[in-house]
Amino acid sequence: MRLKTPLLAALTLLGVTEAHAQDATVPAQPAPVASASAITTPSALPVVAPVQTIPGMPPVIDPRNIYSETGPSHISAAIAGDPARVYVPNLRGDSVSVIDPATFKVVDTFPVGHSPQHVVPSWDLRTLWVTNNSEGRPDGSLTPINPATAKPGPSIAVDDPYNMYFTPDGKYAITVAEAHERLDFRDPHTMALKGSVETPACKGVNHADFSIDGKYAIFTCEFGGYLAKVDTVNLKLIGMLKLSRGGMPQDILTAPDGHKFYVADMMADGVFVVDGDTFKETAFLPTGIGTHGLYPSRDGKMMYIANRGSHRIHGKRGGPGSVSVMDFATDTVVKTWPIPGGGSPDMGNVSADGKLLWLSGRFDDVVYAIDTDTGSVQKVRVGAEPHGLTVWPQPGRYSVGHTGILR
């Protein structure tokens, strides 16, 4: 049984349940809230008002840390029995490699659609979707993987699904139609189209993350140097922001406070800091060559930053790739781990226990398993041009998509 922190105890008094213990399909909802003035907590931990989320979204347990429910002990009972696997989409191999993380060996490889880009956990954690955007062709698709069996099912035809996200209320899947400069809002199970948001000024619409209350998402525009802010309730574009330098934003991650966003830029070789509410750039943090992927540590204190080692979309093998470790509290890089012998760390996620950071080696046809204490690296050979891998199972109540950003 997990011991309650002072904050969790206070929230229990407020009537908020421990939603991570609920079945992932039906997240717990907040009970009626008592007056905060009636709560007594240590002076070092003042009460924070409950976050008013969009309807249907699971409650925010800790407003100071939106990743509070993704610690190692918070794996949902609904997926606890799923085999531990790392699923690696091979972009040029039209396949998915499946790694057993206990042995660091590929135990299966199966074909999927053309140009698989990412493996995306569904909002309810019951399906892993392979986004086959079929670059330059009209036959895009999504391939479902059953994480209980680690086997794929029949693909569903979907137009240009470069990446996929889920609104925090679970109402929509958002397929990112990069080539069409469009976001398609779909039924999260059948993938039937429900509506679209055109993003004509967002060239190469790409990655996204959501505000603490679920009211908006910010998407990166890879080929224009912009960010796009989208209303997730009314399904409309509400703003565009031009970054001050660089010009090739990649991944984006919401800070633990749920209001600040970090944006990796492959040309600027660092991370922009953006106030999501005011939609203004506030800082820039240099990291490494070809800054690309962003992932929170299991305790929500650090951010792992994959620097791909190249400014090119198709780089060379053995480049100066590295991983930077940033302290969320100070916005400072505290460690940098070079890839031994050179490499191209790209997209991935952290193991359930937080001890390994798994990243695809985009230009080197390998996967890196990086020790989060020492930075030491193990390499696993996979298919041609691995991209957005996911690690499963993951702790958390629900997924907002990409390679497994859970809350």
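It should be noted that the structure appears before, not after, this text.
Residues numbered from 1 in each chain as written. Predicted model: local features only at pLDDT ≥ 70, side-chain atom pairs only at ≥ 80, totals over all residues. Heavy atoms only, no water.

Structural notes on the sheet that holds strand E28 (residues 377–381)
- One open sheet accounts for 4 strands, arranged E25-E26-E27-E28; its pairing is antiparallel. The open sheet terminates on both sides in strands that have one partner only, identified here as strand E25 (345–350) and E28. Looking at each pair of strands side by side, their axes are set apart by 25° on average, direction ignored. (Pairing = 2+ DSSP bridges. Helix = DSSP H or I, 4+ residues; strand = E, 2+ residues; numbered from the N terminus. Axes fitted to C-alpha atoms, helices over the stretch in contact; angles between N-to-C directions.)

As for unusual backbone geometry
- Following Trp392, the chain continues to Pro393 via a peptide bond in cis, the omega torsion being -5°.
- Mapped onto the secondary structure, Pro393 falls in the segment after strand E29 (390–392).
- One non-glycine residue, Asp160, lies in positive phi territory at about 50°.
- Here Asp160 lies in the loop between strand E8 (156–157) and strand E9 (163–166).
- One non-glycine residue, Phe279, lies in positive phi territory at about 55°.
- Note that Phe279 resides in the loop between strand E19 (270–275) and strand E20 (280–286).
- Look at Phe279 and you get buried, because its relative accessible area is 11%. (Buried < 20%, exposed > 50% of the residue type's maximum accessible area, 1.4 Å probe, protein only.)

Comments concerning the sheet that holds strand E15 (residues 226–231)
- Taken in spatial order, the 4 strands line up as E13-E14-E15-E16 in an open sheet, and their pairing is antiparallel. Taken across any chain shown, the strands that pair with only one partner, and hence form the sheet edges, are strand E13 (205–210) and strand E16 (236–242). For this sheet, the mean angle separating the axes of adjacent strands, direction not counted, is 25°.
- Of the strand pairs in this sheet, E15 and E16 are connected by 6 bridges, and their pairing is antiparallel. Bridged to Val230 within E16 is Leu237.

Some remarks on the side chain of Ser95
- If you trace the backbone, Ser95 turns up in strand E2 (residues 95–100).
- Among the residues examined, Ser95 registers a relative accessible area of 11% and is labelled buried.
- For Ser95, the residues in contact, after removing those within four places along its chain, are Val88, Pro89, Asn90, Thr109, Phe110, Pro111, Val112 and Pro116. (Contact = heavy atoms within 4.5 Å.)

Here's the deal with the pairing of strand E10 (residues 173–177)
- Within E10, 5 of the 5 residues are buried, leaving the element largely enclosed by the surrounding structure.
- With burial as the criterion, each face of E10 is covered, one bearing Ala173, Thr175 and Ala177 and the other bearing Ile174 and Val176.
- As paired strands, E9 and E10 are joined by 4 bridges and run antiparallel to one another. Within E10, the position partnered with Tyr165 by the bridge is Ile174.
- In this antiparallel pair of consecutive strands, E9 and E10, the connection spans 6 residues, and Gly170 shows a positive phi of 75°.
- Remark: 4 residues form the turn of the hairpin made by E10 and strand E11 (residues 182–186), two consecutive strands paired antiparallel; Glu181 in that turn has positive phi of roughly 55°.

Things to note about the packing of aromatic side chains
- Following the criterion strictly, the structure yields 8 aromatic pairs and no others.
- An angle of 45° between the planes, with centres 5.7 Å apart, marks the rings of Tyr262 and Phe328 as tilted. With Tyr262 in strand E18 (residues 260–265) and Phe328 in the loop between strand E23 (322–327) and strand E24 (332–338), the pair connects residues that are 66 residues apart, well separated along the chain. There is no split in this pair, since Tyr262 and Phe328 are both buried. (Phe/Tyr/Trp six-rings, centres within 6.5 Å; stacked < 30°, edge-to-face > 60°.)

Re the environment of His311
- By secondary structure assignment, the location of His311 is in the loop between strand E22 (302–307) and E23.
- Accessibility expressed as a relative area gives 35% for His311, which makes it partly exposed.
- Each C-alpha atom, one on His311 and one on Ala268, is 9.0 Å from the other, the two residues being 43 residues apart in sequence.
- Those residues in contact with His311 that sit more than four places away from it in its chain are Met266, Met267, Asp269, Ile289 and Gly290.
- Here Asp269 takes part through its side chain, which lies 2.7 Å from a polar atom of the side chain of His311. (Polar contact = N/O pair within 3.5 Å; in protein donor to acceptor, adjacent residues only side chain to side chain.)

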